[in-house]
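Survey of secondary and tertiary structure
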Amino acid sequence: YKNPEQKMTAAPIYTIPVVFHVLHMGGSENISDAQILDAVNILNRDYQKLNSDTSLVVTQFKNLIGDARVEFRLATKDPSGNCTNGITRHIDPNTNWTSTLSHYIYSWPRNMYMNIYVVKTIASGAAGYTYLPGTSPSLASDAIVILHDYVGSIGTGNAGTSRALTHEVGHWLNLPHVWGGTNNPGVACGDEGVSDTPITKGFSSCPSSTTAAMICNPGIVENYQNYMDYSYCSRMFTTGQATRMNNALLSATAQRNNLSSSGNLTATGVNPTFGPCAPIADFYTYSGVTYNLYTICAGQSLSFVDASYNAAVTSRTWSSTGGATISNVNGSPTTITFPNPGVQTVTLVSSNAQGSSTKTKTVNVLPNAAFITNSYQESFEGTGLP
Ligand code: ZN
């Protein structure tokens, strides 16, 4: 009966349902499910102090490494209770993200899910950004936006950039940068209100030694290995930061306290889980030059690529109007040739054992004559030299 470990009360784990919204135009920014799963695993590792590189934390902070006790799980139910794999994909030119508030059109309720938008570029030049609880200008923008190649460590990601999401989730859970409320490290010594992170300017690259990390106060090594610094050698939160994040998850500010409630874990299909799902059909076109072109001339063809998501597609069928010929009715990509002008439709049915779904898009097929009429024909015949 002597088992002192059993006397310890297990620390609560805060479970957060997560949904990723991948915005893409058919390129490598349409990252794989596997890359997203890898990113979730990295979050769970870092937020439960399971990362092996805590061994590299410098002596001054070895006893301050915080276990945030947060677990992230991909949702298996969407806000309507439908089956989801926690990853939505949208063919959307806003994958070149301009931070326009009205572009957050895919967000699921923030009191039920942590929303992560994966995009190709961010106009501000950031790798990712989000809002501290209570500071988002809208409900829908209370989300994380991040570049596809800063998600996970595989596919388009890599180990070096994979902690960017750990950093952004820290903001979303109410952690400022270790130097305070600006986005500019290395400028001014500052405090972010967490007592066990020393005053610092922050670092934009990893200092070569602890001596080089004593900037603001003589003899005080700064916590340049913190996830909330920009040093790119981050390996830890402090215990004070972990407490601050746990408090954010217990607070009604920005409805964060509903996320890990047992009712919400059921509603989002995190516990118990739901599924497997049927695919959600979608597709894009490729002309050989341009993606998502839906206006061509009679007699021309387009390549159509299956971009269905939510589950693996085990069978598919393409169809079209207007006497179009389809090179590969059950394959992807398939080439469809449109002989006749007019507004034609292309339909994809994607299926697996759980069910099927249908997506239809229109293709505007112009008469060839339109191009002859509009072209400017010029002949140099007869312009004899003087
Ligand atoms: Zn930041």
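Residues numbered from 1 in each chain as written. Predicted model: local features only at pLDDT ≥ 70, side-chain atom pairs only at ≥ 80, totals over all residues. Heavy atoms only, no water.

Regarding the overall build of the protein
Looking only at helices and strands, one finds six helices and 16 strands in the protein. Reported as C-alpha extents along the three principal axes, the dimensions of the protein are approximately 90 × 70 × 35 Å. Residue burial in the protein is summarised as follows: out of 386 residues, 47% are buried. Of all intrachain contacts in the protein linking residues separated by at least 6 positions in sequence, the fraction that spans at least 24 positions is 66%. Counting only carbon and sulfur atoms, one obtains 53% of the accessible surface of the protein, whose full area is about 17800 Å². (Helix = DSSP H or I, 4+ residues; strand = E, 2+ residues; numbered from the N terminus. Buried < 20%, exposed > 50% of the residue type's maximum accessible area, 1.4 Å probe, protein only. Contact = heavy atoms within 4.5 Å. Areas by Shrake-Rupley, 256 points an atom, 1.4 Å probe, with all protein chains shown as cover.)

Brief notes about the sheet that holds strand β12 (residues 315-320)
The mixed open sheet is built from four strands, whose spatial order is β10-β16-β15-β12. Edge strands, defined here as strands with exactly one partner in the open sheet, are β10 (295-297) and β12. With strand direction ignored, the average angle separating the axes of adjacent strands in the sheet is 30 degrees. (Pairing = 2+ DSSP bridges. Axes fitted to C-alpha atoms, helices over the stretch in contact; angles between N-to-C directions.)

Points about the confidence of the model for the protein
On average, the protein scores 93 in pLDDT, and the residues at 70 or more come to 93%. Contacts of residues 370-386 to residues separated by more than four positions or lying in other chains number two contacts, the stretch itself having pLDDT below 50. (pLDDT = per-residue confidence, 0-100.)

Re the packing of aromatic side chains
Under the criterion given, the structure shown has 16 aromatic pairs. Here Tyr47 and Phe237 contribute two aromatic rings whose centre-to-centre distance is 4.9 Å and whose plane-to-plane angle is 55 degrees, an arrangement assigned as tilted. Of this pair, Tyr47 sits in helix α2 (residues 33-47) while Phe237 sits in the loop between α3 (164-172) and α4 (239-249), placing them 190 residues apart in sequence. Its relative accessible area of 1% is what places Phe237 among the buried residues. Put simply, the rings of Tyr47, Phe72, Tyr227 and Phe237 touch in pairs and so form one group of aromatic residues. Cation over ring: Lys77 sits above Phe274, and NZ or CZ is 4.9 Å from the ring centre. The ring of Trp172 carries the charged tip of Arg256 above its face, separated from the ring centre by 3.9 Å. (Phe/Tyr/Trp six-rings, centres within 6.5 Å; stacked < 30°, edge-to-face > 60°. Lys NZ or Arg CZ within 6 Å of the ring centre and 35° of its normal.)

Some details on α2
Taking 1.5 Å of rise per residue, the 15 residues of α2 would be expected to cover 21 Å, and the 21 Å separating its terminal C-alpha atoms lies within 8% of that figure. Among all positions of α2, only Gln35, Ile36, Asp38, Ala39, Val40, Ile42, Leu43, Asn44, Asp46 and Tyr47 are buried. Of the residues one or two after α2, Lys49 is the one with positive phi, at around 55 degrees. (Expected span 1.5 Å × (residues − 1).)

Some words on the coordination of the zinc ion
Those protein atoms acting as donors to the zinc ion are His167 (NE2), His171 (NE2) and His177 (NE2), and they sit at 2.0 to 2.1 Å. Each donor residue of the zinc ion lies on one chain, and together they are spaced H-x3-H-x5-H. With a gap of ten residues between them, His167 in helix α3 and His177 in the loop between α3 and α4 connect regions that are remote in the sequence. For the residue pair His167 and His177, the accessibility class agrees, reading buried in each case. (Donors = N, O, S within 2.8 Å, 3.2 Å for Na, K, Ca; no water.)

Topic: the sheet that holds strand β13 (residues 325-326)
With antiparallel pairing, the four strands of this open sheet are ordered in space as β9-β11-β14-β13. For this open sheet the edge positions go to β9 (283-286) and β13, each flanked by a neighbour on one side alone. Pairing geometry for strand β11 (residues 301-306) and strand β14 (residues 334-337), over four bridges, is antiparallel. Paired with Ser303 across the strands is Thr335, a residue of β14.

Looking at the pairing of strand β2 (residues 70-74)
Residues Val70, Phe72 and Leu74 line the buried face of β2, whereas the alternating positions Glu71 and Arg73 sit on a face that is not buried. In this structure, strand β1 (residues 14-24) lies alongside β2, joined through five bridges in parallel fashion. Bridge pairing in β2 places Val18 opposite Leu74. Crossover connection from β1 via α2 to parallel β2: handedness right-handed. (Right-handed = clockwise from strand over helix to strand, strands pointing away.)

With respect to the environment of Ser153
Secondary-structure assignment places Ser153 in the loop between β8 (144-147) and α3. For the pair Ser153 and Gly180, spaced 27 residues apart in sequence, the C-alpha separation works out to 28 Å. Residues contacting Ser153, with those up to four places away along its chain left out, are Asp38, Ile42, Asn158, Ala159 and Ser162.

Remarks on the state of the cysteines
Under the definition given, this model contains three disulfides. Through a disulfide, Cys83 is tied to Cys277; the S-S separation comes to 2.1 Å. As the torsion about the S-S bond is roughly -85 degrees, the Cys83-Cys277 disulfide counts as left-handed. Remark: Cys277 occurs in the loop between α5 (262-267) and β9 and Cys83 occurs in the loop between β2 and β3 (87-91); sequence separation between them is 194 residues. The class of Cys277 is buried, set by a relative accessible area of 7%. One disulfide bridge connects Cys189 with Cys216, the sulfur atoms lying 2.0 Å from each other. Residues Cys189 and Cys216 are joined through a disulfide that is left-handed, its torsion about the S-S bond being -95 degrees. Placement of the pair is Cys189 in the loop between α3 and α4 and Cys216 in the loop between α3 and α4, with a sequence separation of 27 residues. Assessed through its relative accessible area of 17%, Cys216 is described here as buried. Along the protein, the cysteines that take part in disulfide bonds pair up as 1-6, 2-4, 3-5, counted in sequence order. (Disulfide = S-S within 2.5 Å.)

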